[in-house]
Amino acid sequence: MVKRINVANGALEVSEISLGCMRIADLSPQEAEVHIHSALEVGIDFFDHADIYAGGQAEEVFGHVLAANPGMRDRLMIQAKCGIRSGFFDFSKEHIVSSVENSLKRLQTDYVDVLLLHRPDTLMEPEEVAEAFDNLERRGLVKHFGVSNQNPLQIELLKKNVKQPLLFNQLQLSIMVTGMIDAGFNVNMTNSGSVVHDGGILEYSRLHDMTIQPWSPFQYGFFEGVFLGSEKFPKVNEVINRIAEDKGVTDTAIAIAWLLRHPAKMQPIVGTTNTARLLDIAKASTITLSREEWYEIYRAAGNVLP
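The model shown is predicted, which means the values in this text are computed figures rather than measured ones.

J.: Tell me about the overall build of the protein chain, and please be specific about residues and values.
T.: When helices and strands are counted, the protein chain shows eleven helices and 14 strands. Whereas a compact globule of 306 residues would reach a radius of gyration of roughly 19 Å, the protein chain reaches 19 Å, a difference of no more than 12%. For the protein chain, buried positions account for 56% of its 306 residues. In the protein chain, of all internal contacts separated by at least 6 residues, the share reaching a separation of at least 24 is 75%. A gap of 3 Å separates the mean positions of the 28 positive and 39 negative side-chain charges of the protein chain.

Now the structure itself:
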């Protein structure tokens with residue numbers, strides 16, 4: 001069974017692996033129902049959505065499953081995201097509130113457990129976001145809040161007016177995308193790894209009890225492809241496969257176990273619509289990589305320790 005983690009010192013308890021629903025619209029209603037039930041059976045009860053996923057169809061498919069299964073809503077948590085529009089970002093009060101209201105209609109539920117602001121909006125006015133959050137919380141439409149792809153100062157700017165704790169930050173992180181980790185090794189150096197691109201978001205998150213949700217944990221680059229099994233990355237696959245065989249799991253489980261091994265207590269978002277693969281991934285929660293194994297994978301990915 002997938003383990004559970006406490007968020008923000010017990011403010012919320014969630015499964016340490018989340019199922020991303022961006023591609024769930026590709027499934028038939030029957031397939032989606034089986035997929036969601038399978039996730040729940042192995043302890044994955046946190047489902048990540050966004051208003052833009054498949055133009056809202058991902059939420060609609062999920063909503064049909066909820067409607068067809070009375071009582072299911074009480075067994076799971078739903079995370080929604082808003083703020084990305086066609087050609088621009090929008091953190092206005094009007095858009096945040098209307099986006100949540102529309103998501104709830106598509107999901108066929110009365111509330112979402114978490115709402116994230118989806119990528120930064122440089123035209124954001126913190127006072128307006130605060131009004132939106134207060135409105136949604138007061139009406140019982142959103143229970144908890146967070147952000148996505150934001151750096152420490154952007155979060156601090158929000159905190160200037162927003163009174164609700166920001167519990168999550170969804171950030172790209174995988175064995176092959178490790179910028180936030182690299183900078184922490186290359187302190188007091190002048191190589192490329194020493195460049196801090198994100199304001200020290202890894203350390204900031206730990207200091208402020210924000211749970212990082214790594215997205216695209218099997219990808220390299222920005223949606224450029226999957227590194228597992230890729231001929232482009234023979235060394236890291238060789239190491240991952242050896243460790244996977246030793247522990248009796250698949251390479252996908254090792255890729256997630258590598259993230260779970262970090263003491264930041266991350267919650268990876270896995271977006272597979274293949275139920276068998278999801279069950280393989282869930283086994284990551286049953287193993288713990290040693291310090292030596294974690295570093296061996298990190299080095300095999302092409303990283304050089306100072």
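J.: So what's going on with the pairing of strand 11 (residues 211–215)? Residues and values would help.
T.: For a regular strand, side-chain orientation follows a simple rule: the groups alternate between the two sheet faces. By the criterion of burial, strand 11 is predominantly enclosed, with five of the five residues buried. Here strand 11 shows a buried face lined by T211, Q213 and W215 and a second buried face lined by I212 and P214. Pairing of strand 10 (residues 166–172) with strand 11, which is carried by five bridges, proceeds in the parallel orientation. Across the sheet, F168 pairs through a bridge with T211, a residue of strand 11.

J.: Help me get a handle on the packing of helix 1 (residues 29–41) against helix 10 (residues 275–282), residues and values and all.
T.: It is at 10 Å that the axes of helix 1 and helix 10 come closest, and there the two elements cross at 15°. In terms of axis orientation, helix 1 runs roughly parallel to helix 10. The way helix 1 lies across helix 10 gives a crossing that is right-handed. In this structure, helix 1 uses H35, S38 and A39 to contact helix 10, whose residues at the interface are T275, L278 and L279. Partitioned by chemical class, the residues of the contact of helix 1 with helix 10 number three nonpolar, three polar and no charged.

J.: Requested: an account of unusual backbone geometry, with residues and values cited.
T.: Positive phi outside glycine occurs at A8, with the angle close to 50°. As for its placement among the helices and strands, A8 is situated in the loop between strand 1 (4–7) and strand 2 (12–15). Phi is positive for N188, which is not a glycine, with a value near 65°. By secondary structure assignment, the location of N188 is in the loop between helix 6 (179–185) and helix 7 (201–207).

J.: Any chance you could break down helix 11 (residues 291–300) for me, citing the residues and the numbers?
T.: For helix 11, the full list of buried residues reads E293, W294, I297, Y298 and A300. Down the axis of helix 11, the buried set is contained in an arc of 170°. They therefore lie on one face. Exposed residues lying more than 90 degrees from the buried face of helix 11 are R291 and E292. Looking one or two places after helix 11, you find G302, whose phi comes out positive at around 105°.

J.: Any chance you could break down the nonpolar core for me, citing the residues and the numbers?
T.: With 91 residues, the main nonpolar core has F62, L115 and I297 as its most contacted residues. Top element by residues in this core is helix 9 (residues 251–260). It accounts for eight residues. Beyond its immediate chain neighbours, meaning those up to four positions away, I297 contacts I175, V236, V239, I240, I243, I254, W258 and L289. One finds V7, F46, L167 and F168 within the second-largest nonpolar core, a separate group that totals ten residues.

Conventions adopted
Residues numbered from 1 in each chain as written. Predicted model: local features only at pLDDT ≥ 70, side-chain atom pairs only at ≥ 80, totals over all residues. Heavy atoms only, no water. Helix = DSSP H or I, 4+ residues; strand = E, 2+ residues; numbered from the N terminus. Rg over C-alpha atoms; globule rule 2.2 N^0.38 Å. Buried < 20%, exposed > 50% of the residue type's maximum accessible area, 1.4 Å probe, protein only. Contact = heavy atoms within 4.5 Å. Lys, Arg positive; Asp, Glu negative; His and termini not counted. Charge placed at Lys NZ, Arg CZ, Asp CG, Glu CD. Pairing = 2+ DSSP bridges. Axes fitted to C-alpha atoms, helices over the stretch in contact; angles between N-to-C directions. Parallel < 35°, antiparallel > 145°, perpendicular 65-115°, else oblique. Left-handed = near helix turned anticlockwise from the far one by under 90°. Nonpolar A, V, L, I, M, F, W, Y, C, P; charged D, E, K, R; others polar. Arc of directions from axis to C-beta. Core = buried A, V, L, I, M, F, W, Y, C linked by side-chain atoms within 4.5 Å.

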